[in-house]
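Residues per chain are reported as follows:
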Amino acid sequence: LGGGDTHAAVAALEYIVSSAARFECEEGTMENELQQLGLPREHAAALCRAFGAKKDALRDHLAGRSLRVSRLGGVTWRVDHTLCSSASNSLNTTSGQC
């Protein structure tokens, strides 16, 4: 394999393994899918054994690396209702503020 092919193969395996960890794929299912993609049985079995041994650590690593938005702590708001004002010709206006 050339340099570009090697990078593509490693990127594809990284995607497959991280997706399998993220979506809690079983090792047997992953092995079957890898064989259907053309990976030899021995290679698929070895990859899945390593995946099964480190799946929890990989999930923890992926969870720490993912983008998360903090929960909203609280919101304060108020509504001002003006019935009449000498500065405005309109009556009964409402303005909100967050």
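One can find the structure itself at the top, above this paragraph.
Residues numbered from 1 in each chain as written. Predicted model: local features only at pLDDT ≥ 70, side-chain atom pairs only at ≥ 80, totals over all residues. Heavy atoms only, no water.

Re the nonpolar core
Counted only if it meets this: As used here, the term nonpolar core means buried Ala, Val, Leu, Ile, Met, Phe, Trp, Tyr and Cys residues forming a set that is joined through side-chain atoms within 4.5 Å. Relative accessibility thresholds used throughout: buried, under 20% of the residue-type maximum; exposed, over 50%; partly exposed, between the two (1.4 Å probe, protein chains only). Elements are defined by DSSP. Helices are runs of H or I of four residues or more, strands are runs of E of two residues or more, and each kind is numbered from the N terminus. Only heavy atoms enter the contact rule, under which two residues are in contact if any of them lie within 4.5 Å.
Val17, Ala20, Ala21, Cys25, Met30, Leu34, Ala44, Cys48, Phe51 and Leu62 together form the largest nonpolar core, which totals ten residues. Considering every element that reaches this core, the biggest residue donor is helix 3 (residues 41–65), with four residues. Excluding its chain neighbours within four sequence positions, the residues that come into contact with alanine 20 are Cys25, Met30 and Phe51.

Some remarks on helix 3
Think of an α-helix as turning once every 3.6 residues; residues three or four places apart then point the same way. Going by this rule: An expected span of 1.5 Å times one less than the residue number is assigned to each helix. What we call the bend at a residue is the angle made by axes fitted to the seven residues finishing there and the seven residues starting there.
Counted at 1.5 Å a residue, the expected span for helix 3 with its 25 residues is 36 Å, but the 31 Å between its end C-alpha atoms falls short. At lysine 54, helix 3 shows its maximal bend, which comes to roughly 65 degrees. Contact partners of the buried residues in helix 3: helix 1 (3–22) and helix 2 (27–36).

Some details on the pattern of salt bridges
Where we set the bar: We define a salt bridge as a contact between a side-chain nitrogen of Lys or Arg and a carboxyl oxygen of Asp or Glu at a distance within 4 Å.
Considering all chains together, one arrives at three salt bridges under this definition. Lysine 55 is the salt-bridge partner of glutamate 27, the closest N and O atoms lying 3.3 Å from each other. Residue glutamate 27 is located in helix 2, and its partner lysine 55 is located in helix 3; the two are separated by 28 residues in the primary sequence. Two residues, aspartate 80 and arginine 78, come together in a salt bridge whose shortest N-O distance is 3.1 Å. Aspartate 80 gets classed as partly exposed once you look at its relative accessible area, which sits at 32%.

Looking at the packing of helix 1 against helix 3
The line we're drawing: Lines fitted to the C-alpha atoms define the axes, with helices restricted to the stretch that makes contact. Angles between their N-to-C directions range from 0 to 180 degrees. Angular relationships are summarised with four words: roughly parallel below 35 degrees, roughly antiparallel beyond 145, roughly perpendicular across 65 to 115, and oblique for the angles in between. With the far helix as reference, a near helix turned anticlockwise by less than a right angle produces a left-handed crossing, and one turned clockwise produces a right-handed crossing. Think of it as three bins: nonpolar holds Ala, Val, Leu, Ile, Met, Phe, Trp, Tyr, Cys and Pro, charged holds Asp, Glu, Lys and Arg, and polar takes everything else, Gly as well.
The N-to-C vectors of helix 1 and helix 3 enclose an angle of 70 degrees; their axes lie 9 Å apart at closest approach. The angle between helix 1 and helix 3 falls in the class roughly perpendicular. Crossing angle aside, the handedness with which helix 1 passes helix 3 is right-handed. Seen from helix 1, the contacting residues are Leu13, Val17, Ser18, Ala20, Ala21 and Arg22; seen from helix 3, they are Leu47, Phe51, Leu58, Arg59 and Leu62. Looking at side-chain class alone, the contact of helix 1 with helix 3 contains eight nonpolar, one polar and two charged residues.

Focus: the environment of phenylalanine 51
Its place among the elements puts phenylalanine 51 in helix 3. Given a relative accessible area of 4%, phenylalanine 51 falls into the buried group. Sequence separation between phenylalanine 51 and glutamate 27 is 24 residues; the distance between their C-alpha atoms is 7.3 Å. When sequence neighbours within four positions are dropped, the list of residues in contact with phenylalanine 51 reads Val17, Ala20, Ala21, Cys25, Glu27, Met30 and Leu58.

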